[in-house]
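Coordinate analysis (summary)
What follows is the residue order along each chain.
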Amino acid sequence: MTQIISVIGAGTMGSGITITAASAGIEVCQVDVSQEQLDRAKFYHEKTLKRNVEKERMTQDEADAALSRICYCQDHARASESSFAIEAATENSEIKKKIFGAMASTYPSNCILATNTSSISITEIGKSVGEAADRVIGMHFFNPVPVMKLVEVIKSPSTSKETLARTIELSEQMGKTPIAANDHPGFVSNRVLMPMINEAFHAWNDGVAGPDEIDGIMKLGCAFPMGPLRLADLIGLDVCRDIMLVLHEGLGHPDKYAPCAKLVELVEAGHLGNKTGRGVYDYTS
Ligand SMILES: NC(=O)c1ccc[n+]([C@@H]2O[C@H](COP(=O)([O-])OP(=O)(O)OC[C@H]3O[C@@H](n4cnc5c(N)ncnc54)[C@H](O)[C@@H]3O)[C@@H](O)[C@H]2O)c1
């Protein structure tokens, strides 16, 4: 029987999760409150599949089949049939808790309730749905989802073994490599990555070197595909600042995790990276 899942949020991550699942033979209900975002996601899905056919990664028939597995909805239209609901909506605790409340009451009692959050506590989200907490889990995909192999799977103390096993199974079915971690601020990926990015801002702020030199040294010396400051622009400087604040509040050590003044300055000036055309680097030309 074909598996059916719902993906809530049709932005950068949700649309990527949807096309990855649909390409792997899973039926997906792509949900968003915004019709504009649903239209944008559909456009992205069509474009991605077309490119995959051109590059001979799939046949036209396979691309047509993948697209036909997706429905685009402003409500949880296929909730009753879904075995998984993956929330990938805006990174805001109140919005997520509201969506999880709706998921817990609308989806079947054996449906896994996963979140793609990069920094919000899985334990806190679980607490907000009471008895359904054993079905709540973090399913942290990476950007761009169709390309990046990892799913960081985050269990809270309430997450059941069955929830963990089914999440690992779905990740593998989607062609990903799941690796499990416990629920702590920043999980593993952002706890290790973000302080490094923050330190690159400190090195720039202290006049150790300019952005090109810092990125060049880290790229060539550490075999990174891109330097930490360019990666910060790609992630979004506001997102980097917010994740540092989560580490700062959650882990103590104020000097170690406080966001660098240079990073905060750019965010406050509205220079958020690629998405605004300017961050550490200028992308307008
Ligand atoms: N962007 C990244 O690189 C990245 C990487 C890993 C994880 N994440 C996480 O993934 C999640 C989504 O991030 P994104 O970058 O895709 O954000 P985004 O802003 O591109 O998309 C968020 C989407 O959520 C929708 N939304 C808001 N409220 C909703 C609701 N009540 N119901 C349904 N949809 C709703 C918005 O309309 C929007 O389409 C966040 O939790 C973020 O932390 C992001």
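Criteria and thresholds
Residues numbered from 1 in each chain as written. Predicted model: local features only at pLDDT ≥ 70, side-chain atom pairs only at ≥ 80, totals over all residues. Heavy atoms only, no water. Axes fitted to C-alpha atoms, helices over the stretch in contact; angles between N-to-C directions. Helix = DSSP H or I, 4+ residues; strand = E, 2+ residues; numbered from the N terminus. Parallel < 35°, antiparallel > 145°, perpendicular 65-115°, else oblique. Left-handed = near helix turned anticlockwise from the far one by under 90°. Contact = heavy atoms within 4.5 Å. Nonpolar A, V, L, I, M, F, W, Y, C, P; charged D, E, K, R; others polar. Expected span 1.5 Å × (residues − 1). Buried < 20%, exposed > 50% of the residue type's maximum accessible area, 1.4 Å probe, protein only. Near = heavy atom within 4 Å. Polar contact = N/O pair within 3.5 Å; in protein donor to acceptor, adjacent residues only side chain to side chain. Areas by Shrake-Rupley, 256 points an atom, 1.4 Å probe, with all protein chains shown as cover. Salt bridge = Lys/Arg side-chain N within 4 Å of Asp/Glu carboxyl O. Phe/Tyr/Trp six-rings, centres within 6.5 Å; stacked < 30°, edge-to-face > 60°. Lys NZ or Arg CZ within 6 Å of the ring centre and 35° of its normal. Arc of directions from axis to C-beta. Right-handed = clockwise from strand over helix to strand, strands pointing away. Pairing = 2+ DSSP bridges.

1. Some points on the packing of helix 7 (residues 189-205) against helix 9 (residues 228-235)
Two numbers describe how helix 7 lies on helix 9: the axes approach to 9 Å, and their chain directions differ by 115 degrees. As far as their axial angle goes, helix 9 and helix 7 are roughly perpendicular. Where helix 7 crosses over helix 9, the handedness of that crossing is left-handed. In this structure, helix 7 contributes L193, M194, M196, I197, A200 and F201 to the contact, and helix 9 contributes P228, L229, L231, A232 and I235. Class assignment for the residues of the contact of helix 7 with helix 9 results in 11 nonpolar, no polar and no charged.

2. Considering helix 10 (residues 237-251)
In this model, helix 10 (15 residues) spans 21 Å end to end at C-alpha, consistent with the 21 Å of a helix rising 1.5 Å per residue. All buried positions along helix 10 are accounted for by L237, D238, C240, I243, M244 and L247.

3. Details of the site of the ligand
Taken together, the neighbourhood of the ligand is formed by 23 residues, with D32, Q37, E91, K96 and S118 sitting nearest. Within the contact set of the ligand, an oxygen atom lies 2.8 Å away from a side-chain nitrogen or oxygen of Q37. Between an oxygen atom of the ligand and a side-chain N or O atom of N116, the distance comes to 2.9 Å. Here the ligand, which alone exposes 830 Å², has 77% of that area covered by the protein.

4. Brief notes about the pattern of salt bridges
Applying the stated criterion across every chain, the model contains 11 salt bridges. The partner of R78 in a salt bridge is E81, with the nearest N and O atoms 3.0 Å apart. According to the relative accessible area criterion, R78 is buried, its value standing at 18%. Between E162 and R166 there is a salt bridge, and its shortest N-O distance comes to 3.3 Å. Of this pair, E162 and R166 both sit in helix 6 (residues 161-173), four residues apart, which is roughly one turn of that helix. A relative accessible area of 52% places E162 in the exposed class.

5. What to know about the packing of aromatic side chains
Tallied over the entire structure, the rule returns one aromatic pair. With centroids separated by 6.2 Å and ring planes inclined at 40 degrees, the aromatic side chains of F201 and W204 adopt a geometry described as tilted. One end of the pair is F201 and the other is W204, both in helix 7 and three residues apart, which spans about a single turn. Both residues of the pair, F201 and W204, belong to the buried class. Just above the ring of Y281 sits the side chain of R230; from NZ or CZ to the centre is 3.9 Å. Across from the ring centre of W204, 4.5 Å away, lies the NZ or CZ of K262, which sits over that ring.

6. Details of unusual backbone geometry
In this chain, N143 is followed by P144 through a cis amide linkage whose omega measures 0 degrees. Mapped onto the elements, P144 comes out in the loop between strand 6 (136-141) and strand 7 (150-155). We note that E56 has phi near 60 degrees; this positive angle belongs to a residue other than glycine. Mapped onto the elements, E56 comes out in the loop between helix 2 (35-54) and helix 3 (60-68).

7. Some details on helix 2
Over its 20 residues, helix 2 runs 29 Å from end to end, which matches the ideal 28 Å to within 8%, given 1.5 Å per residue. Among all positions in helix 2, only L38, A41, H45, T48, L49 and N52 are buried. For helix 2, the arc enclosing every buried residue in end-on projection is 95 degrees, short of the 170-degree limit, so these residues lie on one face. Residues E36, F43, K50 and E54 are exposed on helix 2 and point more than 90 degrees away from its buried face. Where helix 2 is buried, its residues contact helix 1 (12-23), strand 2 (27-31), helix 3 and strand 3 (70-73). The opening residue of helix 2, the one whose side-chain oxygen lies 3.3 Å from the backbone nitrogen of E36, is S34. Downstream of helix 2 by a residue or two, E56 has a phi angle that is positive, lying close to 60 degrees.

8. Digging into the pairing of strand 4 (residues 84-87)
The alternating pattern of strand 4 places F84 and I86 and A85 and E87 on opposite faces, both of which are buried. Crossover handedness for the path strand 4 to helix 4 (residues 93-106) to strand 5 (residues 112-115): right-handed.

9. Some thoughts on the sheet that holds strand 2
Spatially, the eight strands line up as an open sheet ordered 3-2-1-4-5-6-7-8, and their pairing is mixed. The outermost strands of the open sheet, each flanked by one partner alone, are strand 3 and strand 8 (177-182). The sheet shows a mean angle of 25 degrees between the axes of neighbouring strands, direction not considered. As judged from the four bridges shared by strand 6 and strand 7, these two strands associate in the antiparallel manner. Residue pairing for strand 7: M139 is matched across the bridge by V153. Helix 2 contacts strand 2 and strand 3 of the sheet and is inclined by roughly 160 degrees relative to strand 3.

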